[in-house]
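# Topology and contacts: notes
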Amino acid sequence: ELESWDGIDEELYIQLKEIRRSLADQSGLPAFMVFSDASLRDMARKKPASRDAFLNIHGVGEKKWEKYGEFFIKIFE
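Cut-offs applied
- Residues numbered from 1 in each chain as written.
- Predicted model: local features only at pLDDT ≥ 70, side-chain atom pairs only at ≥ 80, totals over all residues.
- Heavy atoms only, no water.
- Helix = DSSP H or I, 4+ residues; strand = E, 2+ residues; numbered from the N terminus.
- Rg over C-alpha atoms; globule rule 2.2 N^0.38 Å.
- Buried < 20%, exposed > 50% of the residue type's maximum accessible area, 1.4 Å probe, protein only.
- Contact = heavy atoms within 4.5 Å.
- Lys, Arg positive; Asp, Glu negative; His and termini not counted.
- Charge placed at Lys NZ, Arg CZ, Asp CG, Glu CD.
- Bend = angle between axes of the 7 residues up to and from the residue.
- Core = buried A, V, L, I, M, F, W, Y, C linked by side-chain atoms within 4.5 Å.
- Axes fitted to C-alpha atoms, helices over the stretch in contact; angles between N-to-C directions.
- Parallel < 35°, antiparallel > 145°, perpendicular 65-115°, else oblique.
- Left-handed = near helix turned anticlockwise from the far one by under 90°.
- Salt bridge = Lys/Arg side-chain N within 4 Å of Asp/Glu carboxyl O.

### A look at the overall build of the protein
- Counting its regular elements, the protein contains 5 helices and 0 strands.
- In sequence order, the protein lays out its α and β elements as α-α-α-α-α.
- Against the globule reference of 11 Å for 77 residues, the protein gives a C-alpha radius of gyration of 11 Å, in line with a compact fold.
- By principal-axis analysis of the C-alpha atoms, the protein measures approximately 30 × 20 × 20 Å.
- Taken over 77 residues, the protein has a buried fraction of 36%.
- Within the protein, contacts between residues at least 6 apart in sequence are counted, and of these 58% link residues at least 24 apart.
- Put simply, the protein has 12 plus and 15 minus side-chain charges, and the middle of one group is 5 Å from the middle of the other.

### Observations concerning helix α5 (residues 62–76)
- At Gly69, α5 shows its largest bend, some 70°.
- On its buried face, α5 sits against α1 (10–27), α2 (31–34), α3 (37–46) and α4 (51–55).

### A look at the nonpolar core
- Of all hydrophobic cores here, the largest spans 21 residues; its most connected members are Leu16, Phe35, Leu40, Met43, Phe54 and Phe72.
- Those elements that provide at least two residues to this core are α1, α2, α3 and α5.
- With 6 residues, the single largest contributor to this core is α1.
- Every residue in contact with Phe54, bar those within four places of it in the chain, is listed here: Phe35, Met43, Pro48, Val60, Trp65, Gly69, Phe72 and Ile73.

### Points about the packing of α1 against α3
- Contact pair α1 / α3: the axes reach a minimum separation of 9 Å and the direction vectors enclose 135°. The angle between the axes of α1 and α3 places the two elements in the oblique class. Like other packed secondary-structure pairs, α1 and α3 cross with a definite hand, here right-handed. The residues of α3 that touch α1, namely those facing Leu12, Tyr13, Leu16, Lys17 and Arg20, are Asp37, Leu40, Arg41, Met43 and Ala44.

### What about the side chain of Asp42?
- Along the polypeptide, Asp42 turns up in helix α3.
- Judged by relative accessible area, which is 2%, Asp42 ranks as buried.
- Those residues in contact with Asp42 that lie beyond four places of it in its chain are Lys47, Asn56, Ile57 and His58.

### Observations concerning the pattern of salt bridges
- Tallying each qualifying case throughout the model produces 6 salt bridges.
- With its nearest N and O atoms 3.3 Å apart, the salt bridge here joins Arg51 to Asp52.
- Relative accessible area serves as the criterion here: at 35%, Arg51 is assigned to the partly exposed category.
- Under the relative-accessibility criterion, Asp52 is labelled exposed at 53%.
- Salt bridges sharing common partners tie together Asp42, Arg45 and Lys46.

In structure tokens, the structure reads:
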């Protein structure tokens, strides 16, 4: 299911990739270290607008929430 594009807002996915790239560049990290493509697809499908919803995204835990959550959930609010 994680590879599936069903129910995914592709424009939103592209926006999420741009945010990921920006955060990765600022941190000097490869983009996949911020979030995997599967995580971004899950976000584009579920549109998590709260901490709890964000923590239910594939590949997201407390550390990723604390480090990057605020940059991403703004899009879904």
